[in-house]
Amino acid sequence: MSLPAPTDLPAWKALAAHRERIAATTIGDLFAADATRGERMHAEGAGLFLDYSKNRVTDETLRLLVTLARETGLEARREAMFSGEKINLTENRAVLHVALRAPEGATINVDGENVVPAVHAVLKAMGAFADTVRSGAWRGASGKRIKTIVNIGIGGSDLGPVMAYEALRHYSDRSLTCRFVSNVDGTDFAEAVVDLDPAETLFIISSKTFTTLETMANAQTARAWILAGMGGDAAVVARHFVAVSTNAAKVAEFGIDTANMFGFWDWVGGRYSLDSAIGLSTMIAIGPQNFASLLGGFRAMDEHFRTAPLEQNLPVLMGLLAVLYTDFFGAQSIAVLPYEQYLKRFPAYLQQLTMESNGKSVRLDGQPVTCSTGPVYWGEPGTNGQHSFYQLIHQGTHLIPCDFLGFNRSHNQLGRHHDYLISNVFAQAEALAFGKSAEEVRAEGTPEWLVPHRVFAGNRPSNVIMADILDPATLGALVALYEHAVFTQGAVWGINCFDQWGVELGKQLAQKIICELESPTEPKLKHDSSTNALIRRYRARRAK
Ligand code: F6P
């Protein structure tokens, strides 16, 4: 196949010329020229409200961005995804996280087979299992009720579950606790179980492939920990371990009864799997009903993405704005700033979703890209970030577009806290956009030598995304918003958002180095001189 480079398309060239024309126009100028801008430039969908007025865009910029989306074939690619075509070309797979939240009765075919009934069968099995754990009917091998669920997984098999557990704590059964072990660093496991009773602990081994080194190492350690704590009889494993995987053979090999395995499919990417069986810990924590609401929120955003006009389509607008800043303004990162403590792990979750998806430098046809792709996504919850890195966003030399996330209501309405919190969302977006001029600083009586230090140039773009309250449906909509924004970016850049070959090389080298580190005799090292020296030094100094 051969694809036109997006940079060769008429809309790209028109955008480049347009960018020159608007170079000197500030966000302040745009607001001054149009009294209705703040009310006009918003979009709504699936319970989310997006104010994108504080961006460096005119109506013409938006028209050109939408034209670019059309010229790059976004709509056809979107349809191809929703209809189960194998758009993940390098792995010859369909990309159907949208099928995970399709209503029962929908039809989505992969290789001629409707996958929706299987999705709902797994959801029902998960629901039945979650209910038995929540009700106490599921007991550990000694007859004790399960109190702690430990999810062992990494990447997409960890970040989604831990993010959602934290985000939906308000909805969780407080007599149960979920913990998450991901890192192969033994400290992660040791600290997670330090105060747990094996008799009351259930492990969920979550791994799409069931071969990931970190997860398998932690799973073996967990098995040993359970056996040591419960008398050493391998029969206890069945009451303390369940698995979530696509690989039944490996699950059985590990010793987990495949009756206690919850499956998913190769058309679910790891970073898109929160709403598959990978969400089992979330479902146990919040219950099947709330999990269904979470899926409902995803589905509402899917519908919006599929049907809303591109000009009013939240993920499309956010994806295109990211392209604009990345390719026409030289921005290298985007900050995501949730003003909601429950979303404290959302930026970490987004790091994988965005960067494992769009950190690519070849297009789908194997040709090198001719533009910048995948910005770095990062962030921290507000207001904490304000007292840490916002200095750089306000007065530094990098342009960092920001997504502010806020909610009209809090689950913890304590005195004036929520108004304080949300006043900061609006204040930060206003300060970034409009800044503070030297005249304003002088008018406050600031001595002249201090004036340059206290000036805020402004003209720094942001989106403000608001919703009523962080409930399961809203979380689903928010995650799907970013999933589809990432898809929009990838479609414009002509890259495959759904493979991750870039993580392979390090994995392969580590396998080789493990043998060298553990070799009882001095290994013959054939790495570069730095790697050789590091291995020798570690071998000489490590704890024996
Ligand atoms: O190494 C990257 C990766 O493949 C991610 O894409 C994935 O989410 C993670 O590893 C975990 O993979 P698995 O669920 O197969 O253990």
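Residues numbered from 1 in each chain as written. Predicted model: local features only at pLDDT ≥ 70, side-chain atom pairs only at ≥ 80, totals over all residues. Heavy atoms only, no water.

Participant: Any details on the overall build of the protein chain? Residues and values, ideally.
Facilitator: When helices and strands are counted, the protein chain shows 22 helices and 13 strands. Computed over C-alpha atoms, the radius of gyration of the protein chain comes to 25 Å, within 12% of the 24 Å expected from 2.2 N^0.38 for 544 residues, which places it in the range of a compact globule. The principal-axis extents of the C-alpha atoms in the protein chain amount to approximately 75 × 60 × 55 Å. Counting across all 544 residues of the protein chain, residues that qualify as buried make up 54%. Taking as baseline every contact in the protein chain between residues at least 6 positions apart, the subset at least 24 positions apart corresponds to 73%. (Helix = DSSP H or I, 4+ residues; strand = E, 2+ residues; numbered from the N terminus. Rg over C-alpha atoms; globule rule 2.2 N^0.38 Å. Buried < 20%, exposed > 50% of the residue type's maximum accessible area, 1.4 Å probe, protein only. Contact = heavy atoms within 4.5 Å.)

Participant: Provide a residue-level description of the site of the ligand, including the pertinent values.
Facilitator: Close contacts around the ligand come from 14 residues, with Ser157, Ser207, Lys208, Thr209 and Thr212 the closest. Glycine 156 is positioned with one of its backbone polar atoms (N or O) 2.7 Å from an oxygen atom of the ligand. Between the ligand and serine 207 there is a distance of 2.6 Å, counted from an oxygen atom to a side-chain nitrogen or oxygen. When the ligand sits alone it has 390 Å² of accessible area, and the protein chains cover 87% of it. (Near = heavy atom within 4 Å. Polar contact = N/O pair within 3.5 Å; in protein donor to acceptor, adjacent residues only side chain to side chain. Areas by Shrake-Rupley, 256 points an atom, 1.4 Å probe, with all protein chains shown as cover.)

Participant: Outline the packing of aromatic side chains, listing residues and values.
Facilitator: The final tally for this structure, using the stated rule, is 22 aromatic pairs. Relative to tryptophan 138, the ring of phenylalanine 129 has its centre 5.0 Å away and its plane inclined at 80°; by these criteria the two rings are edge-to-face. Using a relative accessible area of 6% as the deciding quantity, one classes phenylalanine 129 as buried. Judged by relative accessible area, which is 9%, tryptophan 138 ranks as buried. Ring centres 6.1 Å apart and planes at 50° place the aromatic pair tyrosine 339 and phenylalanine 404 in the tilted group. (Phe/Tyr/Trp six-rings, centres within 6.5 Å; stacked < 30°, edge-to-face > 60°.)

Participant: Which residues make up the pattern of salt bridges, and what values go with them?
Facilitator: Considering all chains together, one arrives at 27 salt bridges under this definition. Note that arginine 306 is salt-bridged to glutamate 79, the shortest N-O span being 2.6 Å. Of this pair, arginine 306 sits in helix H13 (residues 288–307) while glutamate 79 sits in helix H5 (residues 74–82), and the two are 227 residues apart along the sequence. Put simply, Arg101, Asp275, Asp302 and Glu483 are held in one network by salt bridges that share partners. (Salt bridge = Lys/Arg side-chain N within 4 Å of Asp/Glu carboxyl O.)

Participant: Give a detailed account of the environment of aspartate 188, specifying residues and quantitative values.
Facilitator: Positionally, aspartate 188 belongs in helix H8 (residues 186–193). Taking relative accessible area as the criterion, aspartate 188 reaches 23% and is therefore assigned partly exposed. For the pair formed by aspartate 188 and asparagine 218, sequence separation is 30 residues and the distance between their alpha carbons is 9.1 Å. With near-sequence residues (within four places) excluded, aspartate 188 lies in contact with Phe180, Val181, Ser182 and Asn183.

Participant: For the sheet that holds strand S13 (residues 462–467), give the residues involved together with the corresponding values.
Facilitator: Taking strand neighbours across the sheet as the criterion, the six strands line up as S1-S2-S13-S12-S10-S11 in an open arrangement whose pairing is mixed. Only two strands of the sheet have a single neighbouring strand rather than two, namely strand S1 (42–45) and strand S11 (376–378). Taking the axes of each pair of neighbouring strands and ignoring which way they run, one obtains an average angle of 15° across the sheet. Alignment of strand S10 (residues 333–338) against strand S12 (residues 402–407), held across four bridges, turns out to be parallel. By the bridge assignment for S12, alanine 335 is matched with cysteine 402. (Pairing = 2+ DSSP bridges. Axes fitted to C-alpha atoms, helices over the stretch in contact; angles between N-to-C directions.)

Participant: So what about the sheet that holds strand S5 (residues 148–152)? Which residues, and what values?
Facilitator: Read from one edge to the other, the open sheet built from five strands follows the order S6-S5-S7-S8-S9, with strand pairing classed as parallel. If you trace the sheet from one side to the other, it starts and ends with strand S6 (177–181) and strand S9 (261–263), each paired once. Strand-to-strand twist in this sheet, taken as the mean axis angle between neighbours without regard to direction, amounts to 20°. Two elements, S5 and S6, share five bridges in a ladder whose sense is parallel. Across the sheet, residue valine 150 finds its bridge partner in S6, namely arginine 179. With respect to the sheet, helix H6 (residues 116–135) is in contact with S5, strand S7 (201–206), strand S8 (241–245) and S9, its orientation differing from that of S9 by roughly 145°.

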